[in-house]
Amino acid sequence: MKNNEDIHIQTRPAPATWLILSLQHLFAMFGSTILVPALTGLSPAVALVSSGLGTLAYLAITKGQIPAYLGSSFAFIFPIIAALSIGGPGGVMLGSLAAGLVYGITALIIRKAGVGWLMNILPPVVVGPIIMVIGLGLATTAIEMSMNYNADTGNYNEPMRHMSVAAVTLAIVIVASVFFRGFFRIIPVLFGIIGGYLTALAAGMVNTGAIGEAAWIQVPDFSVPFATYSPDWSWSVIAIMAPIALVTIAEHIGDQLVLSKVAEKNFLKSPGLHRSIMGDGVATMLAAVLGGPPNTTYGENIGVLAITRVFSVYVIGGAAVLAISFGFIGKVEAFIASIPGAVMGGVSILLFGIIASNGLRMLIDNNIDLGIKRNLIISSVILVTGIGGAFIEIGEYFEISSMALATVIGMVLHAVLPGKEDSYGNRSMFESVSTSTSKNKAA
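Note that the structure is predicted; figures quoted are calculated from it, not measured.

Calculation notes
- Residues numbered from 1 in each chain as written.
- Predicted model: local features only at pLDDT ≥ 70, side-chain atom pairs only at ≥ 80, totals over all residues.
- Heavy atoms only, no water.
- Helix = DSSP H or I, 4+ residues; strand = E, 2+ residues; numbered from the N terminus.
- Buried < 20%, exposed > 50% of the residue type's maximum accessible area, 1.4 Å probe, protein only.
- Contact = heavy atoms within 4.5 Å.
- Areas by Shrake-Rupley, 256 points an atom, 1.4 Å probe, with all protein chains shown as cover.
- Lys, Arg positive; Asp, Glu negative; His and termini not counted.
- Charge placed at Lys NZ, Arg CZ, Asp CG, Glu CD.
- Phe/Tyr/Trp six-rings, centres within 6.5 Å; stacked < 30°, edge-to-face > 60°.
- Lys NZ or Arg CZ within 6 Å of the ring centre and 35° of its normal.
- Expected span 1.5 Å × (residues − 1).
- Bend = angle between axes of the 7 residues up to and from the residue.
- Polar contact = N/O pair within 3.5 Å; in protein donor to acceptor, adjacent residues only side chain to side chain.
- Core = buried A, V, L, I, M, F, W, Y, C linked by side-chain atoms within 4.5 Å.
- Axes fitted to C-alpha atoms, helices over the stretch in contact; angles between N-to-C directions.
- Parallel < 35°, antiparallel > 145°, perpendicular 65-115°, else oblique.
- Left-handed = near helix turned anticlockwise from the far one by under 90°.
- Patch = residues over 30% accessible without salt bridge, like charges linked within 9 Å, V, L, I, M, F, W, Y side chains within 5 Å.
- Salt bridge = Lys/Arg side-chain N within 4 Å of Asp/Glu carboxyl O.
- pLDDT = per-residue confidence, 0-100.
- Nonpolar A, V, L, I, M, F, W, Y, C, P; charged D, E, K, R; others polar.

Caption draft 1: Looking closely at the overall build of the protein. A count of helical and extended segments in the protein gives 18 helices and six strands. The C-alpha extent of the protein, read off along each of the three principal axes, is 60 × 55 × 50 Å. Looking at the protein as a whole, 55% of its 443 residues qualify as buried. When contacts within the protein are restricted to residue pairs at least 6 apart in sequence, those whose partners lie at least 24 apart make up 82%. On the protein, roughly 18,200 Å² of surface is accessible, and the fraction owed to carbon and sulfur atoms is 65%. Here the protein contributes 21 positively and 22 negatively charged side chains, and the mean placements of these two sets differ by 15 Å.

Caption draft 2: How the structure looks around the packing of aromatic side chains. Overall, the coordinates contain eight aromatic pairs when judged by the stated rule. Judged by centre distance (6.0 Å) and plane angle (45°), the rings of Phe184 and Phe191 are tilted. Under the relative-accessibility criterion, Phe191 is labelled partly exposed at 26%. An aromatic cluster is defined as three or more aromatic residues linked by ring pairs; in this entry it consists of Phe180, Phe184 and Phe191. Above the face of the Trp216 ring, Lys331 is positioned so that its terminal group lies 5.3 Å from the ring centre.

Caption draft 3: How the structure looks around helix H3 (residues 77–113). Along its 37 residues, H3 runs just 31 Å from first to last C-alpha, ending more than 12% under the 54 Å computed at 1.5 Å per residue. Along H3, the sharpest kink reaches roughly 130°, centred on Gly87 and followed within four residues by the proline Pro89. Just downstream of H3, Gly114 is the residue with a positive phi angle, here 80°.

Caption draft 4: Representation of the environment of Val304. Mapped onto the elements of the fold, Val304 is located in helix H12 (residues 299–308). Along the chain, Val304 and Phe326 lie 22 residues apart, while their C-alpha atoms are 20 Å from each other.

Caption draft 5: Representation of the side chain of Thr55. Secondary-structure assignment places Thr55 in helix H2 (residues 44–61). At 2.9 Å, the side chain of Thr55 forms a polar contact with the backbone oxygen of Ser51. With residues near it in sequence (within four places) discarded, Thr55 still touches Ala68, Tyr69, Leu70, Ile316 and Ala320.

Caption draft 6: Expanded view of the nonpolar core. Judged by nonpolar contacts, the single largest core of 112 residues is most densely connected at Phe30, Phe74, Leu118 and Phe352. Looking at this core element by element, the count peaks at 16 residues for helix H10 (residues 235–263). Among all residues touching Phe352, those that are not within four sequence positions of it are Leu39, Phe74, Ile77, Gly135, Leu138 and Ala142. In terms of nonpolar packing, the next biggest core, distinct from the first, is built from five residues, Val49, Phe222, Leu290 and Ile324 among them.

Caption draft 7: Spotlight on the packing of H2 against helix H13 (residues 313–327). Packing of H2 against H13 brings their axes to within 7 Å, and their N-to-C directions diverge by 155°. It follows from the interaxial angle that H2 and H13 lie roughly antiparallel. Along this stretch, H2 crosses H13, giving a crossing that reads as left-handed. The residues of H13 that touch H2, namely those facing Ala45, Leu48, Val49, Gly52, Leu53, Thr55, Leu56 and Leu59, are Val313, Ile316, Gly317, Ala320, Ala323, Ile324, Phe326 and Gly327.

Caption draft 8: Broad picture of the environment of Gln218. Among the structural elements, Gln218 can be located in the loop between helix H9 (209–213) and H10. Residues Gln218 and Ile329 lie 111 residues apart in sequence; the distance between their C-alpha atoms is 5.8 Å. Setting aside residues up to four positions removed in sequence, Gln218 forms contacts with Gly327, Phe328, Gly330 and Glu333.

Caption draft 9: Quick look at a nonpolar patch on the surface. Together, Ile174, Val175, Val178, Phe179, Phe180 and Phe184 make up an exposed nonpolar region whose accessible area comes to about 540 Å². Here Val175 lies in helix H7 (residues 159–179).

Caption draft 10: Highlighting the confidence of the model for the protein. Of the residues in the protein, 94% reach a pLDDT of 70 or more, and the chain-wide mean stands at 87. Within the protein, no element has a lower average pLDDT than helix H18 (residues 431–438), which sits at 51, and none a higher one than H2, at 96.

Caption draft 11: How the structure looks around the pattern of salt bridges. One pass over the full model with this rule turns up three salt bridges. The salt bridge involving Arg161 is made with Glu158; its shortest N-O contact spans 3.1 Å. Here Glu264 and Arg309 are joined by a salt bridge, their closest N and O atoms 3.4 Å apart. Placement of Glu264 in the loop between H10 and helix H11 (268–290) and of Arg309 in the loop between H12 and H13 is noted, with a sequence separation of 45 residues between them. According to the relative accessible area criterion, Glu264 is partly exposed, its value standing at 35%.

Caption draft 12: Here's a closer look at the side chain of Thr169. Locating Thr169 in the fold gives a position in helix H7. Taking relative accessible area as the criterion, Thr169 reaches 0% and is therefore assigned buried. The contacts of Thr169, once residues within four sequence positions are left out, are Gly192, Gly196, Val343, Gly346 and Val347.

Caption draft 13: Inspection of the packing of H3 against H10 at higher detail. At their nearest, the axes of H3 and H10 sit 7 Å apart, and the two run at 45° to each other. Classified by the angle between their axes, H3 and H10 sit oblique to one another. Crossing angle aside, the handedness with which H3 passes H10 is right-handed. Among the residues making up the contact of H3 with H10, the classes are represented as 20 nonpolar, six polar and no charged.

Caption draft 14: Structural detail: unusual backbone geometry. Between Ser270 and the following residue, Pro271, the backbone shows a cis peptide bond with an omega angle of 15°. Within the secondary structure, Pro271 sits in helix H11. Although it is not a glycine, Lys63 sits at a positive phi angle of roughly 60°. Residue Glu264 is not a glycine yet carries a positive backbone phi of 55°.

Structural data, given as structure tokens:
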């Protein structure tokens, strides 16, 4: 039953209240949104701007009916790094556009045919291990950042000093996550980055000179195709990034189920799952043409909604405008750039582990029986192929990365091995989605 003090979706708060509520959402998404570009070499300022613009586009496409904020997607960290090494900023743009296109096509099919077909090719026994691959595949990156690994020399520089800062950062995030209450429990990453930064500052590991020299107002370093660079076509980049969209779509559906429960309103039915997925796709393509990482709906902000019971899309839109504004403050970008790798590494140890654990949780929640050989084989092959770094190179210009290959192999094994019904478990993952979309095909 709804609380009488809830602020509903179309309510516009008073200006002062509006600002405070929007700042809460900005703080909730800030740490994670800047972490992705910091790990991949993209611009944090561009990520903030593309996050805000993507959220506004999402709100428009969903007809102002879903209070969801979109930020940088962790699922694309490894694919972005791979795309940058192959094609530079143009490679990331091409791959992100391809991922956005997968979102768009999926949304159109769901609008006409419902969601059953997607669940048939991506059961929990496939999606769960792939999510685990996304997290565990980044484990080495987290440790190398924490211990100050130098890729040029192949050595660690003062590993214990840097690991100590990473450990303090990790400890702060854990304490904030477990012991803090209310809104403060929603922003452990932000607490960790601030606490780790102060620790690194005391240890003499931070160079603040660039912050003082940076302008207050500064245009972000946008990477716009045909304006700042000439993009090149690469099938390898598309093969790396496009398949990951299928996994993030499955995660997106899970977020929408949670959000519907929190707000006590079936967003899968109205405005419809197809609109929500299309909004994600358009936001990702907007980010692509600006040089930002792909976007996705943020669980952190759903947590804010659950605590505050404020579901106003005006508050979400206000947070988006604030994020865009922060992207144009030069000192903010300079501050982010000054954060030592050990601080980001400490945060990443937990975040990447949580991603992997969420994949395991999907298997548990759906009662997937790994005692059944079919399920054991599918999950095992996905894990070793993805984490082990297997890839397929076809000719000089086409390569399927380990994560994309693991996704494809999982889908193929599910399609050809007998006993498909065993891979769906209790079918709780998408039961309510199927019911809602079947009623909403004409929306």
